[in-house]
Amino acid sequence: MDVVIIEDEVLATDKLERYLLKYNSKAKIVAKLTSVEEAINWFTINSIHYDIIFMDIQLTDGLSLEIFNNVTIKKPVVFVTAYDEFAIDAFKVNSIDYILKPIHFTDVSTALNKLKNMTYFYSINESITSLKREVEKRKNKERFMVKLGNYIHTVNSETDIALFYAEGRTVYLVTNENKKYIIDFTIKDLVKVLNSKTFFRVNRTFIVSINTIANVIVYSNSRLKINCKVKTDVAIIVSRDNVGDFKKWFEGDLIF
(Lines give C-alpha, C1' and ligand atoms only; values in the text may rest on other atoms or scores of the structure.)
Protein backbone atom coordinates (compact mmCIF):
# COMPACT_ATOMS: atom_id res chain seq x y z
CA MET A 1 0.00 0.00 0.00
CA ASP A 2 1.53 3.29 -1.14
CA VAL A 3 0.38 6.34 0.81
CA VAL A 4 0.67 10.09 0.27
CA ILE A 5 0.46 12.29 3.37
CA ILE A 6 -0.36 15.99 3.02
CA GLU A 7 0.16 17.60 6.43
CA ASP A 8 2.09 20.69 7.58
CA GLU A 9 2.56 19.53 11.20
CA VAL A 10 5.54 17.21 11.64
CA LEU A 11 4.17 15.58 14.80
CA ALA A 12 0.84 14.86 13.12
CA THR A 13 2.63 13.34 10.12
CA ASP A 14 4.78 11.12 12.35
CA LYS A 15 1.74 9.96 14.33
CA LEU A 16 -0.20 9.13 11.19
CA GLU A 17 2.77 7.23 9.76
CA ARG A 18 3.01 5.12 12.95
CA TYR A 19 -0.66 4.20 12.73
CA LEU A 20 -0.36 3.32 9.04
CA LEU A 21 2.57 1.00 9.71
CA LYS A 22 0.76 -0.52 12.68
CA TYR A 23 -2.15 -1.35 10.40
CA ASN A 24 0.07 -2.60 7.59
CA SER A 25 3.78 -3.08 8.22
CA LYS A 26 4.36 -3.11 4.46
CA ALA A 27 2.77 0.31 3.95
CA LYS A 28 5.04 2.76 2.17
CA ILE A 29 4.86 6.53 2.51
CA VAL A 30 5.73 7.64 -1.01
CA ALA A 31 5.41 11.36 -0.32
CA LYS A 32 5.11 13.75 2.62
CA LEU A 33 3.80 17.07 1.35
CA THR A 34 3.35 20.16 3.50
CA SER A 35 1.63 22.76 1.31
CA VAL A 36 -0.95 23.24 -1.43
CA GLU A 37 1.72 24.36 -3.87
CA GLU A 38 3.99 21.42 -3.13
CA ALA A 39 1.08 18.98 -3.48
CA ILE A 40 0.01 20.43 -6.84
CA ASN A 41 3.56 20.13 -8.16
CA TRP A 42 3.88 16.53 -6.91
CA PHE A 43 0.54 15.32 -8.30
CA THR A 44 1.26 16.97 -11.65
CA ILE A 45 4.16 14.57 -12.06
CA ASN A 46 2.89 11.58 -10.04
CA SER A 47 -0.69 10.96 -11.08
CA ILE A 48 -1.03 7.21 -10.40
CA HIS A 49 1.87 5.96 -8.28
CA TYR A 50 0.01 5.74 -4.97
CA ASP A 51 -3.06 4.02 -3.49
CA ILE A 52 -4.52 6.51 -1.01
CA ILE A 53 -4.03 10.06 0.29
CA PHE A 54 -4.28 11.22 3.90
CA MET A 55 -4.81 14.96 3.73
CA ASP A 56 -5.15 17.79 6.23
CA ILE A 57 -7.48 20.55 5.06
CA GLN A 58 -5.90 23.66 6.56
CA LEU A 59 -2.32 24.00 5.28
CA THR A 60 0.12 26.87 5.63
CA ASP A 61 -0.69 28.33 2.20
CA GLY A 62 -4.43 27.67 2.10
CA LEU A 63 -7.05 24.94 1.98
CA SER A 64 -5.97 21.60 0.53
CA LEU A 65 -9.28 21.49 -1.35
CA GLU A 66 -7.61 23.90 -3.79
CA ILE A 67 -5.44 20.99 -4.93
CA PHE A 68 -8.45 19.41 -6.64
CA ASN A 69 -9.01 22.56 -8.68
CA ASN A 70 -5.54 22.30 -10.21
CA VAL A 71 -4.84 18.60 -10.70
CA THR A 72 -6.90 15.47 -11.34
CA ILE A 73 -6.94 13.05 -8.41
CA LYS A 74 -8.73 9.74 -8.95
CA LYS A 75 -7.49 7.84 -5.91
CA PRO A 76 -9.31 7.69 -2.53
CA VAL A 77 -8.73 10.49 -0.03
CA VAL A 78 -9.01 10.49 3.76
CA PHE A 79 -9.25 13.96 5.26
CA VAL A 80 -7.60 14.42 8.67
CA THR A 81 -8.41 17.80 10.17
CA ALA A 82 -9.34 19.76 13.25
CA TYR A 83 -12.19 21.46 11.41
CA ASP A 84 -15.57 19.85 10.84
CA GLU A 85 -17.08 22.61 8.68
CA PHE A 86 -15.40 21.31 5.52
CA ALA A 87 -16.95 17.82 5.61
CA ILE A 88 -19.54 18.47 2.89
CA ASP A 89 -16.93 19.97 0.54
CA ALA A 90 -14.59 17.06 1.29
CA PHE A 91 -17.11 14.46 0.18
CA LYS A 92 -17.61 16.24 -3.11
CA VAL A 93 -14.19 14.97 -4.11
CA ASN A 94 -12.78 11.44 -3.67
CA SER A 95 -13.12 11.32 0.10
CA ILE A 96 -13.84 7.97 1.72
CA ASP A 97 -13.52 9.22 5.31
CA TYR A 98 -13.28 12.41 7.37
CA ILE A 99 -11.25 12.11 10.58
CA LEU A 100 -11.27 14.84 13.23
CA LYS A 101 -8.10 15.47 15.21
CA PRO A 102 -6.81 14.25 17.54
CA ILE A 103 -6.70 11.02 15.57
CA HIS A 104 -6.62 7.51 17.00
CA PHE A 105 -5.54 4.20 15.55
CA THR A 106 -9.16 3.06 15.23
CA ASP A 107 -9.85 6.07 13.00
CA VAL A 108 -7.06 5.12 10.62
CA SER A 109 -7.91 1.41 10.64
CA THR A 110 -11.58 2.17 9.88
CA ALA A 111 -10.58 4.30 6.89
CA LEU A 112 -8.20 1.67 5.58
CA ASN A 113 -10.81 -1.06 6.01
CA LYS A 114 -13.10 1.02 3.82
CA LEU A 115 -10.35 1.16 1.21
CA LYS A 116 -9.86 -2.59 1.44
CA ASN A 117 -13.57 -3.25 0.92
CA MET A 118 -13.71 -0.79 -1.97
CA THR A 119 -10.74 -2.48 -3.62
CA TYR A 120 -12.29 -5.91 -3.13
CA PHE A 121 -15.65 -4.97 -4.61
CA TYR A 122 -13.97 -3.09 -7.46
CA SER A 123 -11.97 -6.21 -8.26
CA ILE A 124 -15.10 -8.38 -8.13
CA ASN A 125 -17.02 -5.97 -10.36
CA GLU A 126 -14.17 -5.86 -12.84
CA SER A 127 -14.08 -9.66 -12.94
CA ILE A 128 -17.83 -9.83 -13.50
CA THR A 129 -17.63 -7.21 -16.25
CA SER A 130 -14.79 -9.07 -17.92
CA LEU A 131 -16.73 -12.34 -17.70
CA LYS A 132 -19.80 -10.69 -19.23
CA ARG A 133 -17.69 -9.40 -22.11
CA GLU A 134 -16.25 -12.86 -22.67
CA VAL A 135 -19.68 -14.48 -22.57
CA GLU A 136 -21.03 -11.88 -24.98
CA LYS A 137 -18.19 -12.62 -27.40
CA ARG A 138 -19.08 -16.29 -27.33
CA LYS A 139 -22.78 -15.53 -27.79
CA ASN A 140 -22.34 -14.11 -31.24
CA LYS A 141 -22.65 -16.84 -33.83
CA GLU A 142 -22.32 -14.90 -37.07
CA ARG A 143 -23.53 -17.51 -39.56
CA PHE A 144 -25.57 -20.69 -39.75
CA MET A 145 -25.00 -23.41 -42.31
CA VAL A 146 -28.23 -24.52 -43.97
CA LYS A 147 -29.01 -27.16 -46.58
CA LEU A 148 -31.51 -27.06 -49.42
CA GLY A 149 -31.52 -30.24 -51.46
CA ASN A 150 -27.92 -30.94 -52.40
CA TYR A 151 -26.87 -27.34 -51.87
CA ILE A 152 -25.30 -25.94 -48.71
CA HIS A 153 -24.93 -22.26 -47.97
CA THR A 154 -24.70 -19.92 -45.00
CA VAL A 155 -27.16 -17.44 -43.54
CA ASN A 156 -25.94 -14.31 -41.74
CA SER A 157 -27.34 -14.09 -38.21
CA GLU A 158 -27.59 -10.32 -37.92
CA THR A 159 -28.84 -9.42 -41.39
CA ASP A 160 -30.71 -12.44 -42.76
CA ILE A 161 -32.44 -14.27 -39.91
CA ALA A 162 -35.93 -13.26 -38.80
CA LEU A 163 -36.60 -15.90 -36.16
CA PHE A 164 -36.20 -19.48 -34.99
CA TYR A 165 -38.99 -21.79 -33.85
CA ALA A 166 -39.46 -25.37 -32.78
CA GLU A 167 -42.03 -27.96 -33.81
CA GLY A 168 -41.55 -30.92 -31.53
CA ARG A 169 -37.87 -31.77 -31.72
CA THR A 170 -37.36 -30.04 -35.05
CA VAL A 171 -36.03 -26.48 -35.04
CA TYR A 172 -36.44 -24.14 -38.01
CA LEU A 173 -34.50 -21.09 -39.05
CA VAL A 174 -36.66 -18.52 -40.86
CA THR A 175 -35.02 -15.85 -43.01
CA ASN A 176 -36.23 -12.34 -43.74
CA GLU A 177 -37.35 -13.67 -47.12
CA ASN A 178 -39.58 -16.15 -45.27
CA LYS A 179 -37.50 -19.16 -46.27
CA LYS A 180 -37.40 -21.99 -43.73
CA TYR A 181 -34.50 -24.35 -43.04
CA ILE A 182 -34.14 -27.19 -40.54
CA ILE A 183 -31.06 -26.69 -38.36
CA ASP A 184 -29.25 -29.01 -35.99
CA PHE A 185 -29.81 -26.94 -32.84
CA THR A 186 -32.27 -26.94 -29.97
CA ILE A 187 -33.91 -23.69 -28.86
CA LYS A 188 -31.93 -23.96 -25.65
CA ASP A 189 -28.66 -24.32 -27.56
CA LEU A 190 -29.47 -21.32 -29.75
CA VAL A 191 -29.85 -19.07 -26.72
CA LYS A 192 -26.26 -19.90 -25.78
CA VAL A 193 -24.75 -18.87 -29.11
CA LEU A 194 -26.92 -16.01 -30.38
CA ASN A 195 -26.15 -12.35 -29.82
CA SER A 196 -28.55 -11.36 -27.04
CA LYS A 197 -28.66 -7.78 -28.25
CA THR A 198 -30.36 -9.01 -31.42
CA PHE A 199 -32.24 -12.17 -30.42
CA PHE A 200 -34.68 -12.88 -27.60
CA ARG A 201 -36.38 -16.10 -26.58
CA VAL A 202 -39.99 -15.03 -26.08
CA ASN A 203 -41.36 -18.43 -25.06
CA ARG A 204 -40.50 -22.13 -25.19
CA THR A 205 -40.95 -22.24 -28.96
CA PHE A 206 -39.81 -18.94 -30.49
CA ILE A 207 -36.64 -16.85 -30.64
CA VAL A 208 -37.11 -13.60 -32.55
CA SER A 209 -34.75 -11.02 -33.99
CA ILE A 210 -35.21 -7.39 -33.03
CA ASN A 211 -35.05 -6.59 -36.75
CA THR A 212 -38.11 -8.68 -37.60
CA ILE A 213 -40.51 -7.18 -35.07
CA ALA A 214 -43.10 -5.00 -36.80
CA ASN A 215 -44.96 -4.10 -33.62
CA VAL A 216 -45.94 -5.41 -30.20
CA ILE A 217 -49.46 -5.32 -28.81
CA VAL A 218 -50.93 -6.00 -25.39
CA TYR A 219 -52.43 -9.48 -25.26
CA SER A 220 -54.60 -11.28 -22.71
CA ASN A 221 -53.47 -12.18 -19.17
CA SER A 222 -50.70 -9.55 -19.06
CA ARG A 223 -48.91 -11.07 -22.02
CA LEU A 224 -47.64 -9.48 -25.24
CA LYS A 225 -48.15 -10.45 -28.86
CA ILE A 226 -45.42 -9.89 -31.44
CA ASN A 227 -46.29 -9.13 -35.03
CA CYS A 228 -43.37 -9.99 -37.29
CA LYS A 229 -42.41 -8.77 -40.72
CA VAL A 230 -42.45 -12.39 -41.88
CA LYS A 231 -45.44 -14.68 -41.91
CA THR A 232 -45.89 -17.18 -39.09
CA ASP A 233 -48.47 -19.93 -38.84
CA VAL A 234 -49.08 -19.35 -35.13
CA ALA A 235 -49.20 -16.24 -32.98
CA ILE A 236 -45.96 -15.32 -31.25
CA ILE A 237 -46.84 -14.63 -27.63
CA VAL A 238 -44.35 -13.42 -25.05
CA SER A 239 -44.88 -15.65 -22.04
CA ARG A 240 -45.96 -13.93 -18.84
CA ASP A 241 -42.68 -14.77 -17.10
CA ASN A 242 -40.69 -13.15 -19.93
CA VAL A 243 -42.66 -9.93 -20.35
CA GLY A 244 -40.51 -7.85 -17.99
CA ASP A 245 -37.22 -8.92 -19.55
CA PHE A 246 -38.65 -8.59 -23.04
CA LYS A 247 -39.62 -4.96 -22.44
CA LYS A 248 -36.10 -4.17 -21.20
CA TRP A 249 -34.55 -6.00 -24.16
CA PHE A 250 -36.89 -4.26 -26.60
CA GLU A 251 -35.75 -0.90 -25.20
CA GLY A 252 -32.12 -1.97 -25.40
CA ASP A 253 -31.57 -2.10 -21.65
CA LEU A 254 -31.21 -5.84 -21.12
CA ILE A 255 -28.19 -7.89 -22.21
CA PHE A 256 -27.78 -11.41 -20.87
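Since this is a predicted model, take the numbers as computed values, not measurements. (Residues numbered from 1 in each chain as written. Predicted model: local features only at pLDDT ≥ 70, side-chain atom pairs only at ≥ 80, totals over all residues. Heavy atoms only, no water.)

Brief notes about the overall build of the chain
Right, so step 1: Scanning the chain from terminus to terminus reveals seven helices and 17 strands.
Right, so step 2: The C-alpha radius of gyration of the chain comes to 30 Å, more than 25% above the 18 Å expected for a compact globule of 256 residues.
Right, so step 3: C-alpha atoms of the chain, sized along the principal axes, occupy 85 × 40 × 30 Å.
Right, so step 4: Here the chain, with 256 residues, has 39% of them falling under the buried criterion. (Helix = DSSP H or I, 4+ residues; strand = E, 2+ residues; numbered from the N terminus. Rg over C-alpha atoms; globule rule 2.2 N^0.38 Å. Buried < 20%, exposed > 50% of the residue type's maximum accessible area, 1.4 Å probe, protein only.)

A few points about the confidence of the model for the chain
Right, so step 1: With 90% of its residues at a pLDDT of at least 70, the chain reaches an overall mean of 86.
Right, so step 2: Note that pLDDT drops below 50 for residues 120–125; the model gives that stretch zero contacts with residues more than four away or on any other chain. (pLDDT = per-residue confidence, 0-100. Contact = heavy atoms within 4.5 Å.)

With respect to the environment of Lys 229
Right, so step 1: Relative to the helices and strands, Lys 229 resides in the loop between strand S16 (224–228) and strand S17 (236–238).
Right, so step 2: Separated by 17 residues in the primary sequence, Lys 229 and Thr 212 place their C-alpha atoms 5.3 Å from one another.
Right, so step 3: When sequence neighbours within four positions are dropped, the list of residues in contact with Lys 229 reads Asn 211, Thr 212, Ile 213 and Ala 214.
Right, so step 4: A polar atom in the side chain of Lys 229 sits 3.2 Å from the backbone oxygen of Asn 211. (Polar contact = N/O pair within 3.5 Å; in protein donor to acceptor, adjacent residues only side chain to side chain.)

What to know about the packing of aromatic side chains
Right, so step 1: For the structure on display, the rule yields 15 aromatic pairs.
Right, so step 2: Aromatic pair Phe 68 and Phe 79: ring centres 6.3 Å apart, planes at 45°, arrangement tilted. Of this pair, Phe 68 sits in the loop between strand S5 (62–63) and strand S6 (77–81) while Phe 79 sits in strand S6, and the two are 11 residues apart along the sequence.
Right, so step 3: Take Phe 68: its relative accessible area is 16%, and that puts it in the buried class.
Right, so step 4: Here the aromatic rings of Phe 200 and Phe 246 are separated by 5.5 Å at their centres, their planes lie at 70°, and the arrangement is edge-to-face. Placement of Phe 200 in strand S13 (residues 199–201) and of Phe 246 in helix H7 (residues 243–251) is noted, with a sequence separation of 46 residues between them. The same class applies to Phe 200 as to Phe 246, namely buried.
Right, so step 5: An aromatic cluster of three or more residues is present, and its members are Phe 144, Phe 164, Phe 185 and Phe 199.
Right, so step 6: For the cation-ring pair, Lys 141 lies above Phe 144, with the distance from its terminal atom to the ring centre recorded as 5.1 Å.
Right, so step 7: Lying over the aromatic face of Tyr 172, Lys 180 brings its terminal NZ or CZ to 5.4 Å of the ring centre. (Phe/Tyr/Trp six-rings, centres within 6.5 Å; stacked < 30°, edge-to-face > 60°. Lys NZ or Arg CZ within 6 Å of the ring centre and 35° of its normal.)

Things to note about the sheet that holds strand S7 (residues 95–100)
Right, so step 1: Taking strand neighbours across the sheet as the criterion, the five strands line up as S2-S1-S3-S6-S7 in an open arrangement whose pairing is parallel. Looking at which strands have only one partner, the edges of the open sheet turn out to be strand S2 (28–33) and S7. Strand-to-strand twist of the sheet, defined as the mean angle between neighbouring strand axes without regard to direction, takes the value 20°.
Right, so step 2: Where S6 and S7 come together, five bridges link them in parallel fashion. Bridge pairing in S7 links Thr 81 to Leu 100.
Right, so step 3: Helix-sheet contacts for helix H1 (residues 10–23) involve strand S1 (2–6), S2 and strand S3 (52–55), and the interaxial angle to S1 is about 160°.
Right, so step 4: Across the sheet, helix H2 (residues 36–45) lies against S1, S2 and S3, angled at about 135° from S2, the strand it touches most. (Pairing = 2+ DSSP bridges. Axes fitted to C-alpha atoms, helices over the stretch in contact; angles between N-to-C directions.)

Quick notes on the pattern of salt bridges
Opposite charge on two side chains makes pairing possible when the charged atoms of those side chains draw close.
Right, so step 1: One pass over the structure, following the stated rule, counts six salt bridges.
Right, so step 2: Lys 101 is the partner of Asp 56 in a salt bridge, and the nearest nitrogen-oxygen pair spans 3.2 Å. Of this pair, Asp 56 sits in the loop between S3 and strand S4 (58–59) while Lys 101 sits in the loop between S7 and helix H4 (105–138); the two residues are 45 residues apart in sequence, bridging distant segments of the chain.
Right, so step 3: With relative accessibility at 5%, the residue Asp 56 sits in the buried group.
Right, so step 4: The partly exposed category is assigned to Lys 101, whose relative accessible area is 24%.
Right, so step 5: Glu 177 is the partner of Lys 179 in a salt bridge, and the nearest nitrogen-oxygen pair spans 3.5 Å.
Right, so step 6: With relative accessibility at 43%, the residue Lys 179 sits in the partly exposed group.
Right, so step 7: Through salt bridges with shared partners, one network takes in Glu 7, Asp 56 and Lys 101. (Salt bridge = Lys/Arg side-chain N within 4 Å of Asp/Glu carboxyl O.)

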